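The residues making up each chain are set out below.
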Amino acid sequence: MPGLGKHRRPKQRPIARKLAFAGTGGAALALPLISATTAGAAVTQPAAAPAAKTVTLAAAKPAVEKAALPLSYSVTVGDTLSKIAAEHAVNGGWQALYEANRIAIGSNPSIIRPGLKLSIGAAAKAAAAKATGVKAAAAAVKPATTYANNLDGWIRQSLDIMARHGIPGSYNGIHRNVMRESSGNPMAINNWDSNAAAGIPSKGLLQVIDPTFRAYHVPGTSLDSYDPVANITAACNYAAARYGSIDNVNGAY
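These numbers were taken from a predicted model, which means no experiment stands behind them.

A. The arrangement of the side chain of Asn101 in detail. Along the polypeptide, Asn101 turns up in the loop between helix H4 (93-100) and helix H5 (102-105). In this structure the side chain of Asn101 is engaged in a polar contact, spanning 2.8 Å, whose partner is the backbone oxygen of Leu97. A polar side-chain atom of Asn101 sits 2.7 Å from the main-chain amide nitrogen of Ser119.

As structure tokens, then:
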């Protein structure tokens, strides 16, 4: 049993001395020792990666719309209506461009002076639509038939009128009777037969007396019995009523 009042110096264990030694200057040796003695301790976790930053992208801008066709254009040296119409895609081409600016340009579309203001927008488009409509209307209207001012033309014009009124007859039938009655002279007149003696001489290409002409006159033709077309048409109308057709007439009728 130890004596009273004295303190026994406690013995240091080997591991303690090693720790003390390490603390006084053996820092390099302490690291593996500490690592080894703390193997069961919680392992230090690596620092968490910073949260990803959310980037808001600006909304894509819509494609720039095609520029509208300008309303006017100032003519420069070397310009032509064809060139301007092509460069600005004028619907209807130079013709529509000219129609839209006819008053400003004048009667000659080949002459345009520098500095002249031309409408190439809505006005040109409207002119193109108008020109298209006019062309379509012109195409729909059948051109009027023209006839020669001779026996052939008179017969053909009379046949067209007869067709519209349902009067039968042929070119050959009319021509044959005309040549027998008047030799093709529209001013022929018979002053010697019984009709002439009665004061109503036969007249014209098919030698028709006035009362017969008036009775069988076809609307739309002249009221002059010497008129070649009116004379042929009235005579054929009379022949159709009496003989069925001028084609059936082969002598005096």
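From this point, the discussion proceeds with the structure in view.
B. Examining the pattern of salt bridges more closely. Applying the stated criterion across every chain, the model contains five salt bridges. A salt bridge links Arg102 to Glu99; its shortest N-O distance comes to 2.6 Å. Classification of Arg102 as partly exposed rests on a relative accessible area of 41%. Taking the shortest distance from any N to any O, the salt bridge between Asp210 and Lys203 comes out at 3.1 Å. Residue classification places Lys203 among the buried positions, given a relative accessible area of 14%.

C. View of the environment of Tyr226. With respect to the helices and strands, the residue Tyr226 is situated in the loop between helix H10 (210-215) and helix H11 (228-243). Sequence separation of Tyr226 and Met187 is 39 residues, and the distance between their C-alpha atoms is 6.1 Å. Apart from the residues lying within four places of it in its own chain, the contact partners of Tyr226 are Pro186, Met187, Ala188, Ile189, Lys203 and Gly204.

D. Quick look at the packing of helix H7 (residues 151-164) against helix H8 (residues 171-181). Contact geometry of H7 with H8 gives a least axis separation of 10 Å together with a crossing angle of 130°. As far as their axial angle goes, H8 and H7 are oblique. As H7 runs across H8, the sense of the crossing is right-handed. Residues Leu151, Asp152, Ile155, Arg156, Leu159 and Met162 of H7 touch H8, and the partners they reach there are Tyr171, Ile174, His175, Val178 and Met179. In terms of residue class, the contact of H7 with H8 is made up of eight nonpolar, one polar and two charged.

E. Looking closely at unusual backbone geometry. Positive phi is not limited to glycine here, since Ala89 has a value of about 50°. Relative to the elements of secondary structure, Ala89 occurs in the loop between helix H3 (81-87) and H4. Its relative accessible area of 63% is what places Ala89 among the exposed residues. Positive phi, close to 60°, is recorded for Ser183, a residue that is not glycine. By secondary structure assignment, the location of Ser183 is in the loop between H8 and helix H9 (194-197). With relative accessibility at 58%, the residue Ser183 sits in the exposed group.

F. Layout of the nonpolar core. Ranked by internal contacts, the top residues of the largest apolar core, which has 26 residues, are Ile174, Leu206, Ile232, Cys236 and Tyr253. Those elements that provide at least two residues to this core are H7, H8 and H11. Once you skip the residues sitting within four places of it in the chain, Ile232 turns out to touch Trp154, Ile155, Ser158, Ile174, Leu205 and Leu206. Counting residues in each nonpolar core, the second largest holds 13 residues, with Ala85, Tyr98, Leu118 and Ile120 among its members.

G. How the structure looks around the packing of aromatic side chains. Here the structure, examined in full by the defined rule, presents two aromatic pairs. Look at Tyr238 and Tyr253: their rings are 6.0 Å apart centre to centre, the planes differ by 35°, and that puts the pair in the tilted class. Highlighted residues: Tyr238 in helix H11 and Tyr253 in the segment after H11, separated in sequence by 15 residues. Among the aromatic residues, those joined into a cluster by ring pairs are Tyr216, Tyr238 and Tyr253.

H. Spotlight on the packing of H7 against H11. Running from amino to carboxyl end, H7 crosses H11 at an angle of 50°, the nearest separation of the two axes being 9 Å. The orientation of H7 with respect to H11, classified from their angle, is oblique. Between H7 and H11 lies a crossing of right-handed hand. Along its contact with H7, which presents Trp154, Ile155, Gln157, Ser158, Ile161 and Met162, the element H11 presents Pro228, Val229, Ile232, Thr233 and Cys236. When its residues are assigned to classes, the contact of H7 with H11 shows eight nonpolar, three polar and no charged.

Definitions and cut-offs
Residues numbered from 1 in each chain as written. Predicted model: local features only at pLDDT ≥ 70, side-chain atom pairs only at ≥ 80, totals over all residues. Heavy atoms only, no water. Helix = DSSP H or I, 4+ residues; strand = E, 2+ residues; numbered from the N terminus. Polar contact = N/O pair within 3.5 Å; in protein donor to acceptor, adjacent residues only side chain to side chain. Salt bridge = Lys/Arg side-chain N within 4 Å of Asp/Glu carboxyl O. Buried < 20%, exposed > 50% of the residue type's maximum accessible area, 1.4 Å probe, protein only. Contact = heavy atoms within 4.5 Å. Axes fitted to C-alpha atoms, helices over the stretch in contact; angles between N-to-C directions. Parallel < 35°, antiparallel > 145°, perpendicular 65-115°, else oblique. Left-handed = near helix turned anticlockwise from the far one by under 90°. Nonpolar A, V, L, I, M, F, W, Y, C, P; charged D, E, K, R; others polar. Core = buried A, V, L, I, M, F, W, Y, C linked by side-chain atoms within 4.5 Å. Phe/Tyr/Trp six-rings, centres within 6.5 Å; stacked < 30°, edge-to-face > 60°.

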